[in-house]
There are 4 protein chains.
Amino acid sequence: MSTPVLVDCDPGVDDAIALLYALASPELDVRGVTTVAGNVSLAHANRNAARVLDLAGARDDLPLVPGLTGPVARPARIPDEPIHGEGGLGGLDLPETGRVPVSGHAPGWLAEQALAAPGELTLVALGPLSNVAAMLTLHPEAGPALREIVVMGGAAHCQGNITPAAEFNFFADPEAARLVLESGLPVRVVGLDVTRAALFPLERADRLAALPGAAGAAGTLLRGFVLRYRERFGVAAVPVHDALAVAAVTHPGLLDFESGAATVECAGEVSRGALVADLRRPERTRAVRVALGVDAEGFTRLLADRLAGYADPTATTDRP
Amino acid sequence: MSTPVLVDCDPGVDDAIALLYALASPELDVRGVTTVAGNVSLAHANRNAARVLDLAGARDDLPLVPGLTGPVARPARIPDEPIHGEGGLGGLDLPETGRVPVSGHAPGWLAEQALAAPGELTLVALGPLSNVAAMLTLHPEAGPALREIVVMGGAAHCQGNITPAAEFNFFADPEAARLVLESGLPVRVVGLDVTRAALFPLERADRLAALPGAAGAAGTLLRGFVLRYRERFGVAAVPVHDALAVAAVTHPGLLDFESGAATVECAGEVSRGALVADLRRPERTRAVRVALGVDAEGFTRLLADRLAGYADPTATTDRP
Amino acid sequence: MSTPVLVDCDPGVDDAIALLYALASPELDVRGVTTVAGNVSLAHANRNAARVLDLAGARDDLPLVPGLTGPVARPARIPDEPIHGEGGLGGLDLPETGRVPVSGHAPGWLAEQALAAPGELTLVALGPLSNVAAMLTLHPEAGPALREIVVMGGAAHCQGNITPAAEFNFFADPEAARLVLESGLPVRVVGLDVTRAALFPLERADRLAALPGAAGAAGTLLRGFVLRYRERFGVAAVPVHDALAVAAVTHPGLLDFESGAATVECAGEVSRGALVADLRRPERTRAVRVALGVDAEGFTRLLADRLAGYADPTATTDRP
Amino acid sequence: MSTPVLVDCDPGVDDAIALLYALASPELDVRGVTTVAGNVSLAHANRNAARVLDLAGARDDLPLVPGLTGPVARPARIPDEPIHGEGGLGGLDLPETGRVPVSGHAPGWLAEQALAAPGELTLVALGPLSNVAAMLTLHPEAGPALREIVVMGGAAHCQGNITPAAEFNFFADPEAARLVLESGLPVRVVGLDVTRAALFPLERADRLAALPGAAGAAGTLLRGFVLRYRERFGVAAVPVHDALAVAAVTHPGLLDFESGAATVECAGEVSRGALVADLRRPERTRAVRVALGVDAEGFTRLLADRLAGYADPTATTDRP
Ligand SMILES: [Ca+2]
Ligand SMILES: [Ca+2]
Ligand SMILES: [Ca+2]
Ligand SMILES: [Ca+2]
């Protein structure tokens, strides 16, 4: 039986890969996609999400709902992240989409879905948490109707990627992230501690890129991502942050989580956006679980296989 | 010709008086009322607003739209303000209301109104700015469709009332207040600098309290407000903050404003919620205007007259 | 009987005037001068203080003790304040000094003086409070040995001068100012609330400038100060901040003080350095008193007379 | 040839062990000890340090110089840390000492030593950095005269021990820690990332405790430390933070360091005192090096051997 999920995202390369992975995973029933400003502006995020849904062959009426154009508590905009390349999909040349975003607004739409199927839906949040936080604030009854929120974000016991203290998604809207982590809802956090420990290597990307169709496009995306990452950090392998967060739903056993109270620093001179979690003493009653361990080989193979499946559902990249 | 206004409030005694004043003012055309958590919980604010509309004899279909149950960027709730007495209307025993709040949500409703009458509506915000900020965040096109936002809040050059640095409305949702003040929209700020300089005296309250109907109820409310204020601060007169903000629309000449850049401190150890404005050098291009001077006698007489008018539209409290 | 005082300063024009005023005032027995980085670097402050002591004809062995080169808790340096003009004394061409600063360090020296005359000395602090705070931290027994600390700094109920929220001295070393204000010692604060309400007018400066010797030099300094201030703010009169703080010792009746708890914001995005005081309810047990009222005419006449006295001890500038 | 060191400490159990280790190490020439409030009050720190010097048989005239009674920028006091047990040495019953602390003040004394032997001295700071920062602030010329500063403090990529974000020493005086880390001087940071990875096990403590003299006393101290730690965290082994920092001087090869810019968060709602370091990209020009790897077995054996040497210089605890 598949898990019904809503995916909130800001594509972005790894969001795109995460969407492709999610739509290729029989463990999931993707009920809709919402977008938020983050890696790119909301307009880019919408366009990229639509083209990725096309690429994955998603049904035409799969809801695609635009959300917030910026953080919940700041007028400031986050500029486009260069690591995602031109247009946010690494310059990948995808056809224009005929997909029309559902009119309406993501926070309200998410709340409606949650309330229409209480206890059933998992919300996978792959961008700044602006939409999710606005849903919690505007519709306080909606959060408790979700089954779980799985968040890509944060750097608990490692260095951040946008500042030394903070990961991009949490830094882009720290107040939103704090609202989600302090909500008391069941939340799992998949952050840089594990995404950086599960790097997708260039050779796997190359093999994918050689395949036809969506598999090849995914490979091309990942290849470009690896090359930009290698240039910056000297490693020919790249974290696919958002895909790992989706894998936390499809294959929870890939990750080890520690439980505890968690929040996000919203003030501070150098630590705005930092995830601060109290995980040292076992505590089973708190909802927030932070991923600290990962089966890297298991994840990258799984991801490669699922993406390769777009070319040939029976193939895996590991068996020639 | 009257000015069409939307009133966002959290009644609260002075909100109640401000509503009564607004509805009695021929200069205004009140198009709807939205509520927000602040002086009291949202549930109390709704109930109090409904009963005040009944008391004022407002038309049955005047929209009354509930908004946010708390600030836009914090899970924390502000507890009820004791200065407003039991239930937020000083224990005033008003009949239950048959008025049914419009289903829907204040930020979206405010945006619809603004967009339906571009350039026409003045939004008078008398509580924490959560609804207004959420409107700006969720519906970026709505703010510029407003004619003006008049805000009760802040303490520019005087001590705060909830902390030494901060006024209650700004402290209750500083991130919201900052979003509004930094929005670039035409904003006028009516804060403690002027509300504390325009105290409504006990004797005027006593005279009103002796009148029948809504006038007497208003007098009773004000009388209780003065007495609680006197007990705390030793002065037998009280600021009627929110009513002065409404008077800034009906009678702009009662107030002197200075223009400049203004924001709200959202961090800090002792100054969270503080209004910080740069008013020392004349600057005519900035939208935010902060009231620093007031015709106190003019305002309190005007307020008393308008409230007395509920008993007898031809009467004034000053002429026996 | 005269009050023994230690003067800590960062000359700076108004510090120079304050020193001249102090040394001309029979109410005071100036026991020594310490310097601190602030308006200018420590090196400039030392040189300027020495030349002003020469100008005033101070005894050769009056201790002049250099202190901190920056704030107690930050590596950052405050750049020279342009309002004080070139070199910090408005380009005034004073002869080089033969005065040799006492070797040793201001915080330790201040502590020694305090402990050598317990309960007797008043410390008048006219710059950033770095020296005073370091004294309190390094020599915890010295603070309680002082009779009083009179501080020029802060903007309680008015706009700052270095940022909209903060006055220069408190902003230059907020942690130091907080240590002093929270020390529990008897502290009086003379800030912009009163110094801006006691402006020294151009005509008085002109009259002084026409006099010979130190009086003329003081007039020249003040004249330049007024002209730079007029250019910036359009007013032909200038606050002489530090001199008013000295006058708070010589003529306490010139100022009205309110008592209460006071501190300084050291964090915050826009209010670092802000004085935050709780003065609304009478409280007689707290040591900090903040000046909110001033006899402006009394002060400026007093200052002009004392400065004129350098030319002719029997003269006043008011009687031709 | 031995390295001349000054040890600044706040004993505290691990400070005591670190002093015993330092005094037993032929690689070091301990030139003096300064104390600071931290784990315990300054009075306790002085008394404990004196008794530990007695225990180690240190020469009678080894300078022991008291320093600050609290942080450089806060009036607040840090309460005694219970993990160190009663009196700060786990209730260990040491004889009273006849050792008289050198009159004078640690920051000035440290500066004198540095300036008297430019480029020679290593300062090992094992407590809050109040003394070191005050030295840098009061005597700007002294810091560059040091050869190196080795600091025990911080939690770069792991959870803190006093808050989830902060390690005790940095939290106790964050402004001081920031001044040291941003000083531009050659600084090595030995924090919880490595001290928690080099736990001293109960069995080693037991073996030491069975020995006579200072070795047995050290064993008893460590045994109590382990037992209190086990009760709290469920592990029968304990970090000996300060001793590892001393070992970074005696045996630099035990630790792996990463270079980069580093600072300490001094504001923030939940991350005050957090070490924030930018270590992701190799950078050889910055002075701060943060330890991220440790040879745990090498360190604990070394420590045990050196402590055992107090009983018998030829013995090691590992060979029965
Ligand atoms: Ca993303
Ligand atoms: Ca209100
Ligand atoms: Ca000064
Ligand atoms: Ca220590």
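Model, not experiment: these values are computed from the prediction. (Residues numbered from 1 in each chain as written. Chains lettered and ligands numbered in written order. Predicted model: local features only at pLDDT ≥ 70, side-chain atom pairs only at ≥ 80, totals over all residues. Heavy atoms only, no water.)

1. Some details on the coordination of the calcium ion (ligand 1)
Residue and element names in this part refer to chain A. Basically, it comes down to this: A 2.8 Å cut-off from the metal defines N, O and S donors, relaxed to 3.2 Å for Na, K and Ca; water is not in the atom list, so some sites may appear incomplete. Residue burial is assigned from relative accessible area. The probe radius is 1.4 Å, only protein chains are included, and a residue is buried under 20% of its type maximum, exposed over 50%, and partly exposed in between.
All of the protein donors around the calcium ion (ligand 1) are D10 (OD), D15 (OD), D15 (OD), L126 (O) and D242 (OD); their distances to the metal are 2.2 to 2.5 Å. Every donor residue of the calcium ion (ligand 1) comes from the same chain, spaced as D-x4-D-x110-L-x115-D. In this structure, D10 and D15 share a single accessibility class: buried.

2. Considering the side chain of D:E148
Residues and elements named next belong to chain D. For clarity, the threshold we go by: Going along the chain from the N terminus, every DSSP run of H or I of four or more residues is numbered as a helix, and every run of E of two or more is numbered as a strand. Polar contacts, as used here, are pairs of N or O atoms within 3.5 Å; protein pairs need one atom able to donate a hydrogen and one able to accept it. Residues neighboring in sequence count only if both atoms are side-chain atoms. Residue contacts follow a heavy-atom distance rule, with two residues in contact if any of their heavy atoms lie within 4.5 Å.
Counting through the fold element by element, E148 comes out in strand β5 (residues 148–152). You can call E148 buried: its relative accessible area is 14%. Polar contacts involving the side chain of E148 include one to the side chain of R188, which spans 2.5 Å. Not counting residues up to four positions away in its chain, the partners in contact with E148 are L121, T122, L123, P186, R188 and R289.

3. Regarding the interface of chain B and chain C
To keep things clear, this is the line we draw: Once two parts are brought into contact, the accessible area they lose, counted with a 1.4 Å probe and summed over both, makes up the buried area. Salt bridges are defined as contacts in which a side-chain nitrogen from Lys or Arg sits within 4 Å of a carboxyl oxygen from Asp or Glu.
On the chain C side, the residues contacting the 26 residues of chain B number 26 residues. Interface area, chain B with chain C, both sides summed: about 2,100 Å², of which 53% is carbon and sulfur. On the chain B side of the interface with chain C, the three residues burying the most area are B:H157, B:Q159 and B:R280, jointly 32% of the side's total. Between the two partners, chain B and chain C, sit two salt bridges. With its nearest N and O atoms 3.3 Å apart, the salt bridge here joins B:R178 to C:E269. Across the contact surface, chain B and chain C share 16 residue pairs in polar contact (both at pLDDT 80 or more). Only α9 (213–233) and β11 (275–278) of chain B provide two or more residues apiece to the side of chain B that touches chain C.

4. Digging into the relation of the copies chain D and chain A
Which entries qualify depends on this criterion: Fitting of the copies onto one another was done by least squares over C-alpha atoms, counting residues only where both copies have pLDDT of at least 70.
Superposing chain D onto chain A takes a rotation of 180 degrees plus a shift of 0.0 Å along the axis, which leaves an RMSD of 0.0 Å. Here the two chains are linked by the operation of a two-fold rotation axis. Taking C-alpha positions as reference, the residue of chain D nearest the rotation axis is D:G268, located at 1.8 Å.

5. Points about the relation of the copies chain B and chain C
It takes a turn of 180 degrees to lay chain B on chain C, together with a shift of 0.0 Å along the axis; the resulting RMSD is 0.0 Å. Most of the interface of chain B is mirrored in chain C: 100% of its interface residues are interface residues there too.

6. Looking at the sheet that holds strand β6 (residues 187–190) of chain C
All names here are of chain C. Test applied: Only strands that DSSP links by at least two bridges are regarded as paired with each other. For helices, the axis comes from a line fit to the C-alpha atoms of the stretch in contact; other axes are also lines fit to C-alpha atoms, and the angle between any two N-to-C directions lies between 0 and 180 degrees.
What the eight strands build is an open sheet, ordered β3-β2-β1-β4-β5-β6-β12-β9; its pairing is mixed. The open sheet terminates on both sides in strands that have one partner only, identified here as β3 (64–66) and β9 (255–259). The sheet shows a mean angle of 25 degrees between the axes of neighbouring strands, direction not considered. As judged from the three bridges shared by strand β2 (residues 28–35) and β3, these two strands associate in the parallel manner. Following the sheet pairing, T34 is matched in β3 by V65. Across the sheet, helix α3 (residues 106–116) touches β1 (3–9), β2, β3 and β4 (122–125), and the angle it forms with β2 is around 155 degrees. Against the sheet, helix α10 (residues 241–250) engages β1, β2, β4, β5 (148–152), β6, β9 and β12 (289–294), with an angle of about 155 degrees to β5.

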